[in-house]
Protein chains: 2
Amino acid sequence: MRLLQVGAGCGRTIMKILSLLGSTGSIGTQTIEIVRRYPSEFRVAGLTTNAKIDVLQHQIELLKPEAVAVMDEAKAEELERKATVAVYKGMEGIRKIARLEQADTVVNALVGSIGIEPTYDAVMHGKNIALANKETLVAAGSVIVEAIGKKGISFMPIDSEHSAIFQCLKGERMKELKSITITCSGGPFRELSPREMAGVTITDALKHPTWKMGAKITVDSSTWMNKGFEVIEAHWLFGIPYERINVVVHPQSIVHSLVEFSDSSVIAQLGWPDMTIPIQYALTHPQRLPTSARPLDMAEAQKLEFLAPDTERFPCLAYAYGAGKAGGIVPAAMNAANEVAVQAFIKGEIGYLDIPEIIRRMMDAAPTHSHPSLQTILDIDKGTKEKAQLLVENDFRRQA
Amino acid sequence: MRLLQVGAGCGRTIMKILSLLGSTGSIGTQTIEIVRRYPSEFRVAGLTTNAKIDVLQHQIELLKPEAVAVMDEAKAEELERKATVAVYKGMEGIRKIARLEQADTVVNALVGSIGIEPTYDAVMHGKNIALANKETLVAAGSVIVEAIGKKGISFMPIDSEHSAIFQCLKGERMKELKSITITCSGGPFRELSPREMAGVTITDALKHPTWKMGAKITVDSSTWMNKGFEVIEAHWLFGIPYERINVVVHPQSIVHSLVEFSDSSVIAQLGWPDMTIPIQYALTHPQRLPTSARPLDMAEAQKLEFLAPDTERFPCLAYAYGAGKAGGIVPAAMNAANEVAVQAFIKGEIGYLDIPEIIRRMMDAAPTHSHPSLQTILDIDKGTKEKAQLLVENDFRRQA
């Protein structure tokens, strides 16, 4: 017995049948751990990988999906010879898994703008979405929001920051939401001078201080482009103008984001940095089930620091606000330029500070489209990538 | 338009008619500021004071209540000669205001165990309760919970910590609540050695590092008795066993409390130390309205620290856990002993470390009663106070 009437009602059962896009990556494998922990709640109907067919083969044996897809066509054919399930190939194969009849929920853990079309397909086929792919909302937010509005499906963010905001808004009224504050670890170069940043290598950039993630997102975190993406995603997820989305640097990555209400009360979500909680919450919401995440002990956390972001040294964050406010195809162009620049940096072709420079140049060159269709966005993505690749080769590529 | 379906529904109107017990104290005057900010939402039907009739007279002119009460009978008679409203006197007068027909909500901002009966009266007369009086739940939690269960009224905490927990639980399921963590500033003596603590004066004890409050609660905060009270209150408010109620020292008083769920996700409520938010939320829940509270800026807050509590130097917190777990009349005895000891300390009659010593002795001497009635609790309160007073006079009183 208790005095206060709090909390939510209805005990909805979870039981979801998943198509998991990008099952061999960081988010993908963590999702599978959750599925295996709760076999009576989840079943997997489809899996996809870019090229890691050995890992995928193991996942097929564990999870017995109906079908899988491999982006790399040669690898797909290799897998097809030994697999006991249907193997689809290429982009069309990934999209087939996104539309798979047996699945009710698509977990999109793809990296890059190749994630956009599968999300759209899944929405149009009435699948619920758990989204880790950032580029879907960054490049195609307006199109996806419109499609979801028509289809009335459930849409859940997997990012720790957006999951935090979503949890903080539980039971609250959106009209009483004053602002949101996304936390940012600051990445490994938070304290470097501009001159030191110029000498950063890929090895440096892959050492994230708090989160263990894939290579692309780790580089994006180091440049704060990732935080910029999250600002744009938050705009679409929560329908809140950019003026009311703030970023604060929080090196410990324990407060995952904060929400401020009209009475100046602030609600935050916290935990040790561990993607298990946001992934699982995206799959079990509105329920919570035990996770493997280590319980947070505030006295052990000891000290939480917060600093204003420095967009002079980390211009990508400012570019993202600019792209978001400009709207149209500017965010898609920004994202495409970033993908090319980051890949070139990972390959050692360009310097670290060339990344924001390439993004800026491609954003400046982006045409204006106020209400782009999905096809226009995909065309801009492709066109910008080609132009950015030329820029890399002609103006930035380092001497061998 | 937004992607995520979040938040609560129904736009209930607020409009409450209040009886405000303890209107001239710290919580009382802040409540009146809120009432005056929202004249179309609140009306005041009754006010009470211990003896500050000048302040009360001013409040009568501002708020035009139906009736008021003054605890001090001579002061009541003095006010009666000039007041334009009904003036009741003594404890019976306070209780009349708690039962006032015109009011639908009683804000109990009384200090000490004199707050117990008015809360009970208000509940039994079907009033909704906004409770700042700690002693009501500390001493008489079981009786109040039972009465509220019968009457089905709304019960809201005014304390910043309990308000924080309540806000963090919004929209959540109680069966998924794993633990709550109440934050504690640590008070002004957090870093003193036991020897330094022995020399603490009332002037030292009234210097709270973060919160501006009345004298009794400021001393209770310095000994951590106040935190112990909050642990017991949380037990009754949220129906959670003592084993799952934690305390963490947080010197900045910005995180007001935290809640942990079954998935290890933690939700916290934050703000600059300012009672405006919890008082107003207790009156407007489930709505939030703008307050005068300064918006929290995390980069300005800069650093939040958390430390494990030290119950060797601050034994009152351990006593409260012990009293809570023992149940029956032990918490009432502890509270009564504390009231007498703190008053004696404020008057300079005893030393600072005599406070926990007196509490411990009176707790040790407390008889066992597993299901005390309200009358038993009130008898124990009175009896313990008399015994504690004798103890002060005979064993502890300092040389003049």
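Given the structure is predicted, the values throughout are model-derived calculations rather than measurements. (Residues numbered from 1 in each chain as written. Chains lettered and ligands numbered in written order. Predicted model: local features only at pLDDT ≥ 70, side-chain atom pairs only at ≥ 80, totals over all residues. Heavy atoms only, no water.)

All names here are of chain A. Once the domains are mapped, chain A shows domain 1 (16–158), domain 2 (172–270 + 296–310) and domain 3 (327–400). Here domain 1 and domain 3 have C-alpha centroids that lie 26 Å from each other. Facing the 10 residues of domain 1 at the interface are 12 residues of domain 3. Taken as a group, S113, V138 and A139 account for 46% of the area that domain 1 buries against domain 3, more than any other trio of residues on that side. (Domains from an automatic or database assignment. Contact = heavy atoms within 4.5 Å. Buried area = accessible area lost by both parts, 1.4 Å probe.)

As a further point, take the relation of the copies chain B and chain A. When chain B is fitted onto chain A, the two copies agree to an RMSD of 0.0 Å after a turn of 180° and an axial shift of 0.0 Å. What the superposition gives is, in effect, a two-fold axis relating one chain to the other. Of the C-alpha atoms belonging to chain B, the one lying closest to the rotation axis is found on B:G171, 2.0 Å away. Interface residue correspondence from chain B to chain A reaches 100%, placing this contact among same-surface, isologous pairings. (Least-squares fit on C-alpha atoms with pLDDT ≥ 70 in both.)

In the structure shown here, the tally under the stated rule is 56 salt bridges over all chains. B:E357 is the salt-bridge partner of B:R361, the closest N and O atoms lying 3.3 Å from each other. Of the two residues, B:R361 and B:E357 both sit in helix α16 (residues 354–364), 4 residues apart, roughly one turn of that helix. Salt bridges sharing partners connect three or more residues here, namely A:E92, A:R95, A:R99, A:E117 and A:D121. (Salt bridge = Lys/Arg side-chain N within 4 Å of Asp/Glu carboxyl O. Helix = DSSP H or I, 4+ residues; strand = E, 2+ residues; numbered from the N terminus.)

On the basis of which strands lie adjacent, the open sheet formed by 8 strands has the order β9(A)-β8(A)-β10(A)-β11(A)-β11(B)-β10(B)-β8(B)-β9(B) and mixed pairing. With partners counted over all chains shown, the strands left at the sheet margins are β9 (245–249) of chain A together with β9 (245–249) of chain B, one partner each. Pairwise comparison of adjacent strand axes, ignoring direction, gives a mean angle of 20° for this sheet. As judged from the 5 bridges shared by strand β8 (residues 177–184) of chain A and strand β10 (residues 255–261) of chain A, these two strands associate in the antiparallel manner. (Pairing = 2+ DSSP bridges. Axes fitted to C-alpha atoms, helices over the stretch in contact; angles between N-to-C directions.)

Let's shift gears to the side chain of B:S163. In this fold, B:S163 is placed in helix α7 (residues 160–168). In this structure B:S163 touches B:P157, B:P278 and B:Y281, once residues within four positions along its chain are discounted.

Summary statistics for chain A give a mean pLDDT of 94 and a share of 96% for residues scoring 70 or more. Among the scores for the predicted complex, ipTM is 0.94 and pTM is 0.95. (pLDDT = per-residue confidence, 0-100.)

Where interface size is quoted, it is often the accessible area lost as the parts come together. Across the boundary between the two partners, chain B contributes 68 residues, which contact 68 residues of chain A. For the pairing of chain B and chain A, the buried interface totals around 5700 Å² over both sides, and the portion due to carbon and sulfur atoms is 61%. Summed over the shared surface of chain B and chain A, the number is 6 salt bridges. For the pair chain B and chain A, the interface holds 24 residue pairs in polar contact (both at pLDDT 80 or more). Residue contributions to the side of chain B that touches chain A peak at 6 residues, all from helix α6 (residues 134–151) of chain B. Looking at the side of chain B that touches chain A residue by residue, the class counts come to 40 nonpolar, 15 polar and 13 charged. Looking at chain direction, strand β12 (residues 303–305) of chain A and strand β12 (residues 303–305) of chain B are connected through 3 bridges and run antiparallel. Bridging from a neighbouring strand, A:K303 pairs with B:E305 of β12(B). (Polar contact = N/O pair within 3.5 Å; in protein donor to acceptor, adjacent residues only side chain to side chain. Nonpolar A, V, L, I, M, F, W, Y, C, P; charged D, E, K, R; others polar.)

The next point concerns the nonpolar core. If you look at soluble globular proteins, the nonpolar side chains tend to sit buried side by side. Among the nonpolar cores identified, the biggest contains 252 residues, and A:F238, A:M334, B:F238 and B:M334 are the most heavily contacted of them. Judged by nonpolar contacts, the second largest core, of 26 residues, contains A:L270, A:L296, A:L304 and B:V248. (Core = buried A, V, L, I, M, F, W, Y, C linked by side-chain atoms within 4.5 Å. Buried < 20%, exposed > 50% of the residue type's maximum accessible area, 1.4 Å probe, protein only.)

Turning next to the environment of B:E33. Residue and element names in this part refer to chain B. Structurally, E33 is set in helix α1 (residues 26–37). A relative accessible area of 54% means that E33 is categorised as exposed. Sequence separation of E33 and Q280 is 247 residues, and the distance between their C-alpha atoms is 9.8 Å.

This brings us to unusual backbone geometry. The phi angle of most residues is negative, glycine excepted, and most peptide bonds adopt the trans form. Residue and element names in this part refer to chain A. With an omega of 5°, the peptide bond running from H285 to P286 counts as cis. Structurally, P286 is set in the loop between α12 (276–284) and α13 (298–301). Positive phi, close to 50°, is recorded for K64, a residue that is not glycine. Unlike most non-glycine residues, Q302 shows phi in positive territory, near 70°. With respect to the helices, strands and loops of the structure, Q302 is situated in the loop between α13 and β12.

Another aspect to go through is the sheet that holds strand β6 (residues 128–131) of chain B. All names here are of chain B. With parallel pairing, the 7 strands of this open sheet are ordered in space as β4-β3-β2-β1-β5-β6-β7. Edge positions in the sheet fall to β4 (86–89) and β7 (155–157), since each has one partner strand and no second. Looking at each pair of strands side by side, their axes are set apart by 20° on average, direction ignored. Of the strand pairs in this sheet, β6 and β7 are connected by 3 bridges, and their pairing is parallel. When the bridges of β7 are listed, A130 appears paired with M156. Packed on one face of the sheet, helix α4 (residues 90–98) meets β1 (16–21), β2 (42–49), β3 (67–70), β4 and β5 (105–108) and runs near 130° to β4. Sheet strands in contact with α6 are β5, β6 and β7, and its direction is about 155° off that of β7.

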